Amino acid sequence: MLIAGNWKLFKGPHEARRFAIEIRHLPTRAAGVEIVVCPPFVSIEAAVQGLGEGSDVRVYAQNVHWELEGAFTGEVSAPMLIEVGATGTIVGHSERRQYFGETDDTVRLRAEAALEAGLHVIACVGETEAQREADQTEDVLARQVAVLPVHERLVIAYEPVWAIGTGKTATPETAQEAHAFIKSLHETRVLYGGSVKPENAKVLLAQKDVDGALVGGGCLDALSFEAICLAAAEV
Ligand code: PGA
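Quantities reported herein were computed from a predicted structural model and do not represent experimental measurements.

Novice: What exactly am I supposed to notice about the packing of aromatic side chains here?
Specialist: Note on aromatic pairs: each is described by the distance of the centres and the angle between the planes. Under the criterion given, the structure shown has 4 aromatic pairs. Look at Tyr 99 and Phe 100: their rings are 6.4 Å apart centre to centre, the planes differ by 90°, and that puts the pair in the edge-to-face class. A residue is classified by how much of its surface remains accessible, and Phe 100, at 53% relative accessible area, is exposed. Ring geometry for Tyr 158 and Tyr 192: centres 6.4 Å apart, planes at 55°, overall tilted. With a gap of 34 residues between them, Tyr 158 in strand 6 (residues 154–158) and Tyr 192 in strand 7 (residues 190–193) connect regions that are remote in the sequence. Exposure class is identical for Tyr 158 and Tyr 192. Each is buried. Members of the aromatic cluster, each reached through a chain of ring pairs, are Trp 7, Phe 19 and Phe 225. The ring of Trp 7 has Lys 11 lying over it, and the distance from NZ or CZ to the ring centre is 5.6 Å.

Novice: Could you clarify how one ought to interpret the sheet that holds strand 6 in this entry?
Specialist: Think of a sheet as strands paired side by side through backbone hydrogen bonds, with each pair either parallel or antiparallel. Judged by pairing direction, the barrel is parallel, and its 8 strands sit side by side in the order 1-2-3-4-5-6-7-8 before closing back on the first. Pairs of neighbouring strands in the sheet enclose a mean axial angle of 25°, with direction left out of account. With 4 bridges joining them, strand 1 (residues 2–6) and strand 8 (residues 212–215) adopt parallel strand pairing. When the sheet's bridge partners are listed, Leu 2 is paired in strand 8 with Gly 212.

Novice: It is not clear to me how the pattern of salt bridges should be interpreted in this structure. Could you clarify?
Specialist: If charged atoms from side chains of opposite charge come close, those side chains can pair. Summed over all chains, the structure comprises 17 salt bridges. In this structure, Arg 97 engages Asp 104 in a salt bridge whose closest nitrogen and oxygen atoms are separated by 2.8 Å. As far as burial versus exposure is concerned, Arg 97 and Asp 104 are alike and both buried. When the shortest N-O distance is used, the salt bridge between Arg 108 and Asp 105 registers 4.0 Å. You can see Arg 108 and its partner Asp 105 sitting in helix 6 (residues 104–116), 3 residues apart, about one turn around the helix. Look at Asp 105 and you get partly exposed, because its relative accessible area is 46%. Connected through salt bridges with shared partners, the residues Lys 183, Lys 208, Asp 209 and Asp 211 form a single ionic network.

Conventions and cut-offs
Along each chain, the written sequence defines residue order, and numbers are assigned to residues from 1. Residue-level local features of this predicted model are given only where pLDDT is at least 70; pairs of side-chain atoms are given and counted only at 80 or more, and the full residue set underlies all totals for whole chains, interfaces and linings. Hydrogens and water molecules were not included; the side-chain quantities draw on all heavy atoms of the structure. Any two of the Phe, Tyr and Trp rings considered here, Trp counted by its six-membered ring, make a pair once their centres fall within 6.5 Å; the pair's planes then place it as stacked at under 30 degrees, edge-to-face at over 60, or tilted in between. In this scheme, a residue with accessible area under 20% of its type's maximum is buried, one over 50% is exposed, and one in between is partly exposed, where area comes from a 1.4 Å probe on protein chains only. Only DSSP runs of H or I reaching four residues or more are called helices, and only runs of E reaching two or more are called strands; each is numbered from the N terminus. Charges are assigned to positions over rings by a cutoff of 6 Å between ring centre and Lys NZ or Arg CZ, combined with an angular limit of 35 degrees from the ring normal. Between any two strands, pairing holds if DSSP finds at least two bridges. Here an axis means a line fitted to C-alpha atoms, over the contact stretch when the element is a helix, while the angle between two N-to-C directions is reported on a 0 to 180 degree scale. One side-chain nitrogen of Lys or Arg within 4 Å of one carboxyl oxygen of Asp or Glu is enough to make a salt bridge.

Right, dumping it as structure tokens:
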């Protein structure tokens, strides 16, 4: 079971360090759960320092560029992430696709570069509400999954766009159905994302093909994040 907290555009270095200190011993209480936090780039190093050497909590970035260096204003490369202590990255989050022009091709390039550099990858896929209503969910998922490499360090996060930050959660059955479909296409673990909270974590994580969660809003408060990780340990 893997629980990853996606901080999005929250928590500067100061707050990141404080939060990391609060949760650094969490893995000893949440047995069997891999715990990851994904701070904004500038807060990665502070989170790593706050966790300290002995912690099993891992720090991932929220994105990575495919080139090692060059004239790519605003981007960050895999070796730079590794240098500040990140061991993985999210790629293809729907907010990147929706607001920043991310395409299946660029998601593939980012995933490949991250894997090549030795990072772990959480690759996000998911349909919009309009696509679900038009019965295109499987087509969209198949297209997004098709570009992702099969690799032991890559997991897929199924994040229906209509459930992200909306308070609307996929029913456990809807999530299970999508996860099973993704696994029929790609040999991987599949995390669920979209309004995961302490109250709904257990029932979602109990689904056969749900191997963890990518949590946004529900991960920003240490007690809420802890409750989700502890729920995962009980499944
Ligand atoms: P949410 O975000 O939990 O706030 O819905 C999940 C995500 O975007 O990864």
